[in-house]
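Structural description and commentary
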Amino acid sequence: MELIYKIDFNTTNFYFKHIIDDLIQETKIKATCKMYRGFILLVCEDEAEMIEDFFKVLEQKLPLSIFISNAQVIENFDFDAFTELKEQDVKLNLSLLTNDEINKTINENNIDFTNDIEKIKSGGVSRFETHNGLKDLFLPSTKLREEFEAKGYEVKLLITNVSNISNLVDISQKDLQLLCSIERPLVKLKFKLLQNAKGEFSNTRFIYAKIADDKETLLFTQALKENGIDYLLYVNDEVYQDGLKVTYNEEQNIIIHGDKGLFPKYDYDLKRRVNSSEDYFEEYGSIYKACIAQFNKRLVPTIGAYFSYTSCESAIKINSVEHGEKCIVEVPNVLNNIDKCFEDIKSIDENTSRLIDNYTKKFPKYFEKEFVDTDADGFEAILNLLAYCLGMKDYKQFEDTALMYAGKSGLQIDMKIMQIDGKNYLDYRRIIQSTLSYKMADVENTLLAYSFYESLCDFISDNVTEIQSDFNAKDIILCGDMFANSILLSKLNKKLNTINTLIPKEYPLDY
């Protein structure tokens, strides 16, 4: 009998096909595996019993992948209508840690990690060499974490014992599936209420976490687990590629940042090897233009929202054959200076001048610490200023504070447009001014931060609706790492119900 099994696979890297090919060879079934743009086809031509046994093996041994969106048996397939991809000579920085490979690695290697483990247990830092470069690992410690963060490092969580991780963080089945997928991405997890009480893991209730992603780390984490250490903190000291940060919504998995396990790759549109996300996006000139190419929307009118924390190019845009790419509303790059920020707000009217004076008198502790000029751009600069005024560290803490809000709706933060030299800009003064007005009424920071993202959603939706009526676009592309925020993403999904929303699947939101 013939059976055709279609796996929707949103990348053109061949490693998953290789795993299936190995299982075909192992089971000796009469089957072929073919790679296409967007899916893998498995064609079985064997006895019913052999096919049934083969799919039992697939169920047991085929790993999860962040790029799989669906899998089903189909009745027929038009082979002439699709072009099978030819594999190119590109080697990925990805260890294929299937269950069989994990067991084999542990059983065949006996490395003594005693010195490293004793150093960690005594409160020290182990400098450990992995397949991807050097990592510094240490037990949860407020002092060590703050020292690394002061040097500009991002502190992340390495999970050594997945079975016990739910004692530390709230983790859903979907989170667990992403962590354990063959790509081994980083996933943002929330600490349980009584955990991280002293800030030994993070300065917020959230942290990016992962499990071992190469043989060296696998063996080390196995030794740590056997010594009763279920998790460690780590920083990337000297690594070749940043790990993938991944999130999800109801429709798909979403890559936020990163290169490891994704690049280098052969891009079949560019017809060349692409070495990194930077290489890929710079080829097109902007992330929005790259997304237009991904979705094959060059010849149709398209709206785009590129909202990035760190980029100076955040904007609501349009693209068409007639006009090319055009910015409709831009996010300003403001000075990283609190005094200039207050001057700008005071310039609105006499009421705002009074607001700033009263606010600094009511919350003097917030302004005892000097505002640090980080030379940030766009939303990062705006939210760093706002976070400082609310007694927070920076835009990252601001976002995590928003995610702590337990309600379903917030307050209306002013999102208005101001014109400068004929261009439309989001008025950052109004955002901060309206938030401080609510704070004067003793509104909690969680609600204020949440309200920013909800109001930003309304701002995007209102502008897209207005543009859509004039521009006749059927699609909006969402890109930029701000759309990894679950508040913004979920609310936009409900608001943008008159237009087809497109979010990248094969490439990251940002770089």
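This text gives an overview of the structure that appears in the document.

Cut-off values and rules
Residues numbered from 1 in each chain as written. Predicted model: local features only at pLDDT ≥ 70, side-chain atom pairs only at ≥ 80, totals over all residues. Heavy atoms only, no water. Pairing = 2+ DSSP bridges. Helix = DSSP H or I, 4+ residues; strand = E, 2+ residues; numbered from the N terminus. Contact = heavy atoms within 4.5 Å. Axes fitted to C-alpha atoms, helices over the stretch in contact; angles between N-to-C directions. Salt bridge = Lys/Arg side-chain N within 4 Å of Asp/Glu carboxyl O. Buried < 20%, exposed > 50% of the residue type's maximum accessible area, 1.4 Å probe, protein only.

Spatial strand order, E5-E6-E11-E7-E10-E9-E8: seven strands in an open sheet with mixed pairing. Edge positions in the sheet fall to strand E5 (126-130) and strand E8 (169-170), since each of these pairs with one other strand and no more. Here strand E7 (residues 156-159) pairs with strand E11 (residues 231-239) via four bridges, running antiparallel. What sits directly across from Leu158, in E11, is Leu232. Seen against the sheet, helix H7 (residues 215-226) touches E5, strand E6 (133-138), E7 and E11 and runs at an angle of roughly 140° to E5.

Tallied over the full model, the rule gives 34 salt bridges. Close ionic contact of Glu52 with Lys56 constitutes a salt bridge, the shortest N to O distance being 4.0 Å. Note that Glu52 and Lys56 are positioned in helix H2 (residues 48-61) at a spacing of four residues, about one turn of the helix. Using a relative accessible area of 47% as the deciding quantity, one classes Glu52 as partly exposed. Of the residues examined, Lys56 reaches a relative accessible area of 45% and is grouped as partly exposed. With a closest N to O distance of 2.0 Å, Arg127 and Asp237 form a salt bridge. Of the two residues, Arg127 sits in strand E5 while Asp237 sits in strand E11, which places them 110 residues apart along the sequence. Judged by its relative accessible area of 44%, Arg127 is partly exposed. Through salt bridges with shared partners, a single ionic network connects Arg127, Asp136, Asp237 and Glu238.

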